[in-house]
Amino acid sequence: MTVSAMHRCATAMALVMAATGTQGLAQDADDSEAVFLGRIVVGTSADGTPVYAGENTSHIEGSAVTAQGGTATVDEVIRQTPGASTRLNAGQPGVAVSIRGLQGQGRVAMTVEGVPQNFRFNGHASEGYANFEPLFLQGIDITRGAVVTAGGSGSAGAANFRLIAPEDIVDGQGAGGRVKLTYGDNGDDFGRMGAAAYIGERGAVLGAYARTTADAFEDGAGNEVANTDKDRDSYMLRGRYALTETQGLELLATRMNADYASNSYEQEMTTDLYKLGYTLNYSPAVNLRANLYRSVTDNEYTGSIDGTGSYVGRQMQTITTGIDVTNVSEYGFGGWSLTSTNGFEYYEDVLGGAEGGANPTYGEAKNLGVFTENVFANGPWEFTAALRYSDYSLSGRLDNELQSGDVDIDESSFDPKLTLAYQVNDWLQPYVSVSRSTRAPSLQETLQESFHGYGFFNLYLGPNPDLEAETTEGGEIGVNIARNDLLSSGDRLTARLAYFKMNVEDYVAYVTEDTYTSVGATTLAYYDNIDGTTVTHGLELEAAYDAELWSAALSYTNSDSTPPSGYEGYELQPPETFSTTLARHFLHGDLTAGATYSYTAAGVSIDSEAESDAYGLWDVFASYAATDSLQLTAKIANLGDVEYQPYAASDNGPGRTYYLGLQMTF
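Everything numeric here is computed off the predicted structure, so don't read it as measured data.

Undergrad: Help me understand the overall build of the protein in this model?
TA: Looking only at helices and strands, the protein has 5 helices and 37 strands in total. When each of the 666 residues of the protein is scored for burial, the buried share is 56%. Counting contacts in the protein only where the partners sit at least 6 residues apart, residues at least 24 apart contribute 63% of the total.

Okay, structure coming up:
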């Protein structure tokens, strides 16, 4: 750790340990009050599933996502969360989340409203995207480390994106609407969203439409960054209906259309998502939620940006269909209480399309997860014992001169997680957690087939039906802090400080070897399990302070990694990231003004294979509640007009940009 890193870490820890200075009152039972610009450090999952000490989760609420002028991109918000980052391709309409240096091919289980996002793309960019409308976004849940319950198919963690609901517009019962406008001068980035909602005694409904258009932006040197223009429109319909006092139905349907340019081609994408949910809250022992869902992503190459355009017409499709059922039960016996979460999830991925190149257009994968998570509490002690059984099967067919025939893979695993926590006093809770998780090889890794013949050089991107699952073992030790009335009456500090270590065996990465085909000498490139242990470990800090006149937030990550053999010199994640925000409230809270500073250390990303220098960015922002229904926002992003390339990005980031935002709820 460098001297500057030690200074930043010491400053961060000083903020957290300031909580030890005075005697605080008991922690509120509802952790959802731990808010800074909507950011919640410790809380409860969106589906009501409890979040416990060992579940290192950041809940980023709507106002954090849309804060600072209403223009913070999803990538920016995630990159200011400890232990999390993104593989950034500014042309792509989707989001690719990285947790503790692991991303792509399902290492992070990305979902939208709990529906898996399994559209993946080999080479040139991230190997997995979540596609949704950012203007509909109301919150993000990022869980670092193993997830045992629903959404636990990833080995590094999970990211769930939550969308706008009727309750976000209408308070109580009745009808209402919302109009949101955002504009950025760098590239004429113009976003607009309209939504209408109704809430009655037994049901609610919401309909929404959004559209975003933008030209290519300029970087800090005034150079246009190619293929960063936007053209996206989205639709959403959702509703709920109470069948009885204890039973209810929920419906969600969304569509996003996007025209974009990436990987040397102009492309068109359509993503549809459908979900039908059922809830039963019958007794402390029966709190059940079940969901049926289907997600369809179609992507087509429609034109060439440069080159011959030989792949125009390439089509790729991923259809995900599934079900998840979760029940939360609460029991008490003697001095103990038990909260038991049990259930299963099952989904299928089916590939389609034509001329997919390195991306297979035929194949089917099935995933089953059965889980139990049991939290025992007695006085200050909290012990969690969890177990997930995963079964994975894959089928497809190979037809080339090196390999041919049917592919049929079936694997299973048992993955435990144990956590022990102790409430030292009313504001301090240390904990330790150990876990094991498994990631099965994806269809794209297993079945890719693509030949590139250049005469003087021949490249064959080949399949590998012998891939084995990645396994990750590790844990973390840390402390949770939640303290009221720290510096003044009514203020609140929440924080989490954790050290983690993850050891990955059988890490899957590209390897090459020389061979011969009918055209002569050929370089064969394929995914394979890498010998040795891939390691990522480090320190994470997240803290938030909220008072009547001031709010502050801090995020810090210091990490080190041992990349897979053959990738020496690369990093799994930035060696150091730091972000802090300070805001002042005026006019009884109606006016807020503040600034954010974010820093990323230099590094060479294993994902983009691009080197980026260290960079620090200043943003200043303000928001004003002109009336109860009208919110005005403004922001200057990259105040210093810095020329920089974000870590794990394909191109430079935007230069100084002036933003204005308006949100009217009626």
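Undergrad: What am I meant to see in unusual backbone geometry here?
TA: The phi angle of most residues is negative, glycine excepted, and most peptide bonds adopt the trans form. Despite not being glycine, Asp188 has its phi angle at roughly 50°, a positive value. Within the fold, Asp188 resides in the loop between strand 10 (174-184) and strand 11 (189-199). Here the phi dihedral of Asn638 falls at roughly 50°; this positive angle occurs in a residue that is not glycine.

Undergrad: Whenever I open this one, the nonpolar core confuses me. Can you help?
TA: By size, the foremost hydrophobic cluster in this structure holds 50 residues, and its most contacted members are Ile78, Val97, Ile140 and Phe161. Listing elements by their share of this core, those giving two or more residues are helix 4 (74-79), strand 5 (97-99), strand 6 (108-112), strand 8 (137-144), strand 9 (157-163), strand 11, strand 12 (203-214) and strand 26 (492-505). Counting residues in each nonpolar core, the second largest holds 10 residues, with Ala365, Leu394, Ile409 and Leu443 among its members.

Undergrad: Would you mind going over the side chain of Thr472 with me for this structure?
TA: The residue Thr472 is located in strand 25 (residues 470-484) in this model. Note on Thr472: relative accessible area 4%, which makes it buried. With residues near it in sequence (within four places) discarded, Thr472 still touches Ser155, Ser435, Arg436, Ser437, Met502, Asn503 and Val504.

Undergrad: Quick question: what am I supposed to make of a nonpolar patch on the surface here?
TA: Judged by side-chain polarity, Trp381, Phe383, Leu418, Leu420, Tyr422, Val424, Val432, Val434, Ile477 and Tyr499 come together as a nonpolar surface patch covering roughly 850 Å² of accessible area. Among the secondary structure elements, those contributing two or more residues to the nonpolar patch are strand 20 (381-399), strand 21 (404-422) and strand 22 (428-439). The biggest single contributor to the nonpolar patch is strand 21, with 3 residues. Tracing the chain through its elements places Leu420 in strand 21. A relative accessible area of 37% places Leu420 in the partly exposed class.

Undergrad: It is not clear to me how a negative patch on the surface should be interpreted in this structure. Could you clarify?
TA: Judged by side-chain charge, Asp185, Asp188, Asp215, Glu218, Glu224, Asp229 and Glu266 come together as a negatively charged surface patch. Along the chain, Asp229 falls in the loop between strand 12 and strand 13 (230-242). Under the relative-accessibility criterion, Asp229 is labelled partly exposed at 33%.

Undergrad: Which parts of the structure should I look at to understand the sheet that holds strand 23 (residues 450-453)?
TA: For sheets, the rule is that strands pair by backbone hydrogen bonds, running either parallel or antiparallel. Reading across from one edge, 23-24-28-27 is the order of the 4 strands in this open sheet, with mixed pairing throughout. Taken across any chain shown, the strands that pair with only one partner, and hence form the sheet edges, are strand 23 and strand 27 (508-517). The mean angle between the axes of side-by-side strands here comes to 20°, regardless of whether they run parallel or antiparallel. The pairing of strand 27 with strand 28 (residues 520-529) spans 10 bridges and is classified as antiparallel.

Undergrad: Would you mind going over the pattern of salt bridges with me for this structure?
TA: Where charged atoms from two side chains of opposite charge come close, those side chains can pair. The full count for this structure, using the stated rule, is 22 salt bridges. A salt bridge links Glu540 to Arg100, with the shortest nitrogen-to-oxygen separation between them at 2.9 Å. Of this pair, Glu540 sits in strand 29 (residues 533-546) while Arg100 sits in the loop between strand 5 and strand 6, placing them 440 residues apart in sequence. Here Lys366 and Glu364 are joined by a salt bridge, their closest N and O atoms 3.5 Å apart. Via salt bridges that share partners, Arg100, Arg144, Glu476, Glu540 and Glu542 belong to a single interconnected network.

Undergrad: Please explain the pairing of strand 20 as it appears in this structure.
TA: It is a general feature of regular strands that their side chains alternate between the two faces of the sheet. Both strand 19 (residues 363-378) and strand 20 contribute to a ladder of 15 bridges, which runs antiparallel. By the bridge assignment, Ala365 is partnered in strand 20 with Leu394. Counting the residues in the hairpin turn of strand 19 and strand 20 gives 2 residues, including Gly379, whose phi is positive at 60°.

Cut-off values and rules
- Residues numbered from 1 in each chain as written.
- Predicted model: local features only at pLDDT ≥ 70, side-chain atom pairs only at ≥ 80, totals over all residues.
- Heavy atoms only, no water.
- Helix = DSSP H or I, 4+ residues; strand = E, 2+ residues; numbered from the N terminus.
- Buried < 20%, exposed > 50% of the residue type's maximum accessible area, 1.4 Å probe, protein only.
- Contact = heavy atoms within 4.5 Å.
- Core = buried A, V, L, I, M, F, W, Y, C linked by side-chain atoms within 4.5 Å.
- Patch = residues over 30% accessible without salt bridge, like charges linked within 9 Å, V, L, I, M, F, W, Y side chains within 5 Å.
- Areas by Shrake-Rupley, 256 points an atom, 1.4 Å probe, with all protein chains shown as cover.
- Salt bridge = Lys/Arg side-chain N within 4 Å of Asp/Glu carboxyl O.
- Lys, Arg positive; Asp, Glu negative; His and termini not counted.
- Charge placed at Lys NZ, Arg CZ, Asp CG, Glu CD.
- Pairing = 2+ DSSP bridges.
- Axes fitted to C-alpha atoms, helices over the stretch in contact; angles between N-to-C directions.

The values reported here are purely geometric and, on their own, carry no functional implication.
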